[in-house]
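# Coordinates in review
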Amino acid sequence: MCGIVGYIGKKEAFPILLDGLKKLEYRGYDSAGVALLNDQQSLRVYKAKGKVINLEEKSSGNDLSGTIGIAHTRWATHGEPCEKNAHPHYSSSEEIAIVHNGIIENYQSIKKDLQKEGYNFISETDTEVLVQLIEYTKAKYHLELFPAVQKALTCVIGAYAIAIIDKSHPNTLIAARKSSPLVLGVSDNHEEFYIASDASPLIEYTRNVIYIEDEEIVELSIGKAPRIENLQKESIEHQVNEVSFDIGMIEKGGFPHFMLKEIYDQPDRLNDCMRGRINKELNEIKLSALIDHKDRLINAERIIILGCGTSWHAGLLGKQLIESFARIPVEVEYSSEFRYRNPIISEKDVVIAISQSGETADTIAALKLAKERGAFIFGIVNAIGSSIARIAETGTYIHVGPEIGVASTKAFTGQLNVLTMFALALGYERGSIEKEKYHHLVNELTQIPEKIEKIFAQEEKIQEISKIFTYARNFIYLGRGFNYPVALEGALKLKEISYIHAEGYPAAEMKHGPIALIDEEMPVVVISTKDNVYEKVVSNIQEVSARKGRILAIVTEGDTEIKNMTENIIEVPHVPSELEPLITVIPLQLLSYYIAINKGKDVDQPRNLAKSVTVE
Ligand code: AGP
């Protein structure tokens with residue numbers, strides 16, 4: 001779960017690599033490093049613990065020349081975060097340098113074999129084993145770099161996206177992948193090549209990308225078309241795709257943090273998500289996946305939704321939406337549990353994978369398992385061309401643009417938006433939702449973006465409330481029905497960025513245990529909007545108040561009843577209960593943002609986390 005970037009061309013590589021690393025820092029920021037090769041065949045590696053900025057400071061004043069280079073930003077898996085374990089790693093002779101995202105599972109046994117051959121290791125990483133194996137293979141079989149990498153990779157079990165440079169091949173950059181993402185950017189006339197873990201570092205330079213597939217190796221040399229082969233030495237041709245997202249979408253646009261920008265982006269991004277899919281005059285939904293695979297989808301006997309973290313929370317809401325509108329039974333599973341429990345899957349099952357990044361290792365593995373067993377795979381993904389998008393037989397992109405803040409915000413509402421459209425359209429096709437209700441809800445859905453804008457008008461109030469609760473050690477979040485998964489998501493946001501312990505519960509479950517935690521020190525965030533369980537939630541608020549818990553309530557605008565129970569109130573516009581999560585999650589995102597800011601935390605890059613969890 002690291003980020004890699006590489007460049008070969010006529011420009012100086014260092015600034016390009018550094019800039020690329022900054023764009024990939026969401027993937028990890030335990031350490032950063034760069035290897036540069038110039039035409040005098042001088043290979044140099046610079047590394048620093050912590051963020052890319054440390055690398056920038058540390059390497060200044062050194063020889064940074066070179067038109068070929070590779071770089072890495074790390075999320076530690078094998079070996080503590082320190083300079084010794086930072087990438088790039090050299091081979092013993094310091095002739096070859098490598099960067100790697102993934103895990104080599106059999107590195108211990110390869111290491112033992114290489115130690116018997118006299119190889120020494122400096123770091124504790126699995127990656128150093130790989131570069132030594134490549135050097136060993138190259139020497140033992142008298143191979144050029146490309147076939148040596150190809151042969152070495154046949155001995156490897158695990159996941160990798162790698163980039164390699166070699167002093168003895170000064171016009172070559174080699175990259176390969178298996179189960180970790182790798183994108184190749186190609187300039188006109190093959191004058192320059194870029195590789196990276198996703199397209200964001202490339203788009204400033206080229207829009208033409210090739211998505212390298214599993215077990216493929218690519219050799220890049222200036223002026224030549226990329227040579228791509230698989231591990232069986234078969235030559236591979238790939239089509240060149242055009243990436244369309246705008247560079248402005250991955251910059252902060254005047255906001256102090258990506259997270260705040262992404263919260264504020266939600267109205268526009270939800271409009272993007274609905275554009276071309278909802279006919280606002282007829283209040284109708286057209287999803288191409290549902291048109292192209294209508295029979296398979298409307299005849300599903302069961303739907304299984306897979307995801308992790310926030311995407312799993314969206315899945316819980318997907319279940320409620322699909323069961324309400326389409327009347328198909330839905331199960332929601334953590335991908336990480338599903339993949340190891342020998343699940344029963346039939347050919348009549350549809351599996352929906354939800355993933356912002358499209359690269360979450362557990363979700364990829366769970367999907368592959370479901371696909372092998374005959375299920376039909378539907379992806380709800382943000383990252384265009386990502387692994388999950390390509391494994392899925394069909395799907396619907398959420399189209400909310402790159403999400404950089406580690407804590408997911410606009411991806412969550414984008415996922416909910418797609419799930420709502422999917423459930424409504426599926427229900428309509430199956431005849432399980434009344435026509436009138438369908439058109440009414442479609443119309444209400446199109447109004448969500450402007451209703452979110454209204455919540456932003458209360459930002460100052462949310463900021464004030466955040467100050468009251470900043471130094472709490474624990475939080476409880478309560479919600480019922482459609483707002484129960486929102487309670488889970490609100491608690492996750494707070495944990496991730498402010499490091500305050502928080503738990504979400506269905507409000508009525510509180511009296512079965514968690515109520516024992518309530519005292520005057522315990523903030524309880526209650527989502528208590530006017531829906532069919534409103535009166536019940538009001539009773540839950542009274543139970544908390546009776547035990548002196550400190551209530552912060554999310555209420556429907558105009559509510560007077562709850563106003564009499566607590567002064568900490570955030571109002572949200574009225575929407576039908578099925579659409580409420582798209583609205584009620586917004587104040588919770590802002591609340592966690594401001595609490596983290598009050599505590600001086602790094603909201604965009606919280607400790608121990610990475611945006612895309614590409615290891616299991
Ligand atoms: C959300 O704030 C988290 N950063 C995390 O739970 C995330 O949702 C999870 O890792 C799944 O990622 P994905 O959507 O890219 O698959």
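Criteria and thresholds
Note that residues are indexed from 1 along each chain, following the sequence as it is written. Reporting of local features is limited, given that this is a predicted model, to residues whose pLDDT is at least 70; pairs of side-chain atoms are given and counted only at 80 or more, and all residues count toward the totals for whole chains, interfaces and linings. Side-chain numbers come from the whole structure's heavy atoms, not from hydrogens or water. Residues are classed as near a molecule or strand on a simple rule: at least one heavy atom within 4 Å of it. Here a polar contact means two N or O atoms within 3.5 Å. Within protein one must be a hydrogen donor candidate and the other an acceptor candidate, and residues neighboring in sequence count only if both atoms are side-chain atoms. Here, Shrake-Rupley sampling with a 1.4 Å probe gives the accessible areas, and only protein chains in the shown set may cover a residue. Only protein atoms enter the 1 Å grid used here. Points where a 1.4 Å probe fits but cannot escape make up a cavity, open sets with protein on both sides within 12 Å along at least five of seven lines make up a pocket, and a residue lines them when an atom lies within 4 Å of a point. The way we define it, a molecule is inside a pocket or cavity when more than half of its atoms are within 2 Å of that pocket's grid points. Starting at the N terminus, helices and strands are each numbered in turn, a helix being any DSSP run of H or I of at least four residues and a strand any DSSP run of E of at least two. Note on residue classes: Ala, Val, Leu, Ile, Met, Phe, Trp, Tyr, Cys and Pro are nonpolar, Asp, Glu, Lys and Arg are charged, and everything else, Gly too, is polar. When a residue's accessible area, from a 1.4 Å probe over protein chains only, is under 20% of the maximum for its type it is buried; when over 50% it is exposed; and in between it is partly exposed. Any two residues having at least one pair of non-hydrogen atoms within 4.5 Å are treated as being in contact. Two strands qualify as a pair provided DSSP detects at least 2 bridges between them. To obtain an axis, a line is fitted to C-alpha atoms, over the contacting stretch when the element is a helix, and the angle between two such axes runs from 0 to 180 degrees between their N-to-C directions. Here the word oblique covers every angle except those under 35 degrees (roughly parallel), over 145 (roughly antiparallel) and from 65 to 115 (roughly perpendicular). We call a crossing left-handed when the near helix sits turned anticlockwise from the far one by less than a right angle, and right-handed when that turn is clockwise. Grid points are joined across faces, edges and corners, and a volume is the space filled by probe spheres set on the points. Centre distance within 6.5 Å is the pairing criterion for rings of Phe, Tyr and Trp, where only the six-membered ring of Trp is used; planes under 30 degrees apart are then read as stacked, over 60 as edge-to-face, and the remainder as tilted.

## Thoughts on the site of the ligand
Residues in close proximity to the ligand total 14 residues, the closest being S311, S355, Q356, S357 and T360. Measuring from an oxygen atom of the ligand, one finds a backbone N or O atom of T310 at 3.1 Å. A distance of 2.9 Å separates a nitrogen atom of the ligand from a polar atom in the backbone of V406. Relative to its unbound accessible surface of 410 Å², the ligand loses 91% to contact with the protein. Here the ligand is seated within the second largest pocket. Elements with a minimum of two residues in the shell around the ligand: α10 (309–326) and α18 (484–498). It is α10 that provides the largest number of residues to the shell around the ligand, a total of three residues. Among the residues forming the shell around the ligand, the class breakdown is four nonpolar, eight polar and two charged.

## Examining helix α5 (residues 145–153)
Of all nine residues that make up α5, seven are buried, and the element is covered over most of its length. Packing partners of the buried residues in α5 comprise β6 (96–104), α4 (126–140), β7 (158–166), β8 (173–178), β12 (216–220) and β13 (227–230).

## Looking at the pairing of β12
Within β12, five of the five residues are buried, which leaves it mostly tucked inside the rest of the structure. Where burial is concerned, the two faces of β12 agree: the one with E216, V218 and L220 and the one with I217 and E219 are both buried. Both β8 and β12 contribute to a ladder of five bridges, which runs antiparallel. The partner of A176 across the bridge, within β12, is I217. Looking at chain direction, β12 and β13 are connected through four bridges and run antiparallel.

## A closer look at unusual backbone geometry
Look at the link from H87 to P88: it is a cis peptide, with omega at 0 degrees. Mapped onto the elements of the fold, P88 is located in the loop between β4 (68–74) and β5 (89–90). Even without being a glycine, K233 presents a positive backbone phi close to 70 degrees. Counting through the fold element by element, K233 comes out in the loop between β13 and β14 (241–242). Of note in the backbone geometry, H399 takes a positive phi value of approximately 55 degrees without being a glycine. In this structure, H399 sits in the loop between β21 (394–397) and α14 (410–430).

## Examining the packing of α4 against α5
For any two helices packed against each other, the geometry comes down to the angle between their axes and how far apart the axes lie. The contact between α4 and α5 brings their axes to 8 Å, and the two run at 120 degrees. With respect to their mutual orientation, α4 and α5 come out oblique. α4 and α5 meet at a crossing whose hand is right-handed. Here α4 contributes L130, L133, I134, T137 and K138 to the contact with α5, which in turn contributes L145, A148, V149, K151, A152 and L153.

## With respect to empty space enclosed by the protein
Scanning the model with the defined rule gives two cavities of 30 Å³ or more in all. Each pocket or cavity is described by its volume, and for the largest cavity that value is around 70 Å³. Elements with a contribution of two residues or more to the lining of the largest cavity: β6 and α4. Considering only residue class, the lining of the largest cavity consists of two nonpolar, seven polar and two charged. There is about 30 Å³ of room inside the second largest cavity. Residue composition of the lining of the second largest cavity, grouped by class: seven nonpolar, one polar and one charged.

## Points about the sheet that holds β6
Sheets are built from strands that pair by backbone hydrogen bonding, the pairs being arranged parallel or antiparallel. Here we have six strands laid out as an open sheet, ordered β5-β6-β7-β8-β12-β13, and antiparallel in their pairing. Only two strands of the sheet have a single partner each, and these edge strands are β5 and β13. With respect to the sheet, α4 is in contact with β5, β6 and β7, its orientation differing from that of β6 by roughly 130 degrees.

## Focus: the layout of surface pockets
A probe matching the size of a water molecule, rolled over the atoms, marks out where space remains unfilled. What the second largest pocket holds in volume is close to 630 Å³. Around the second largest pocket sit 31 residues that line it, and C308, G309, T310, K611 and V613 are the ones nearest its centre. Broken down by secondary-structure element, the contributors of at least two residues to the lining of the second largest pocket are α10, β19 (349–355), α12 (361–372) and α18. A per-class count over the lining of the second largest pocket returns 12 nonpolar, 13 polar and six charged.

## Focus on the packing of aromatic side chains
Under the defined criterion, the tally for this structure stands at 11 aromatic pairs. An angle of 10 degrees between the planes, with centres 4.9 Å apart, marks the rings of Y194 and Y205 as stacked. Note that Y194 is positioned in strand β10 (residues 193–196) and Y205 in the loop between β10 and β11 (208–211), a separation of 11 residues in sequence. Accessibility expressed as a relative area gives 26% for Y205, which makes it partly exposed. With a centroid separation of 4.1 Å and 20 degrees between ring planes, the pair formed by Y428 and Y438 is classed as stacked. Of the two residues, Y428 is situated in helix α14 and Y438 in helix α15 (residues 435–446); the sequence distance between them amounts to 10 residues. In this structure Y428 comes out as partly exposed when scored by relative accessible area, which is 29%.

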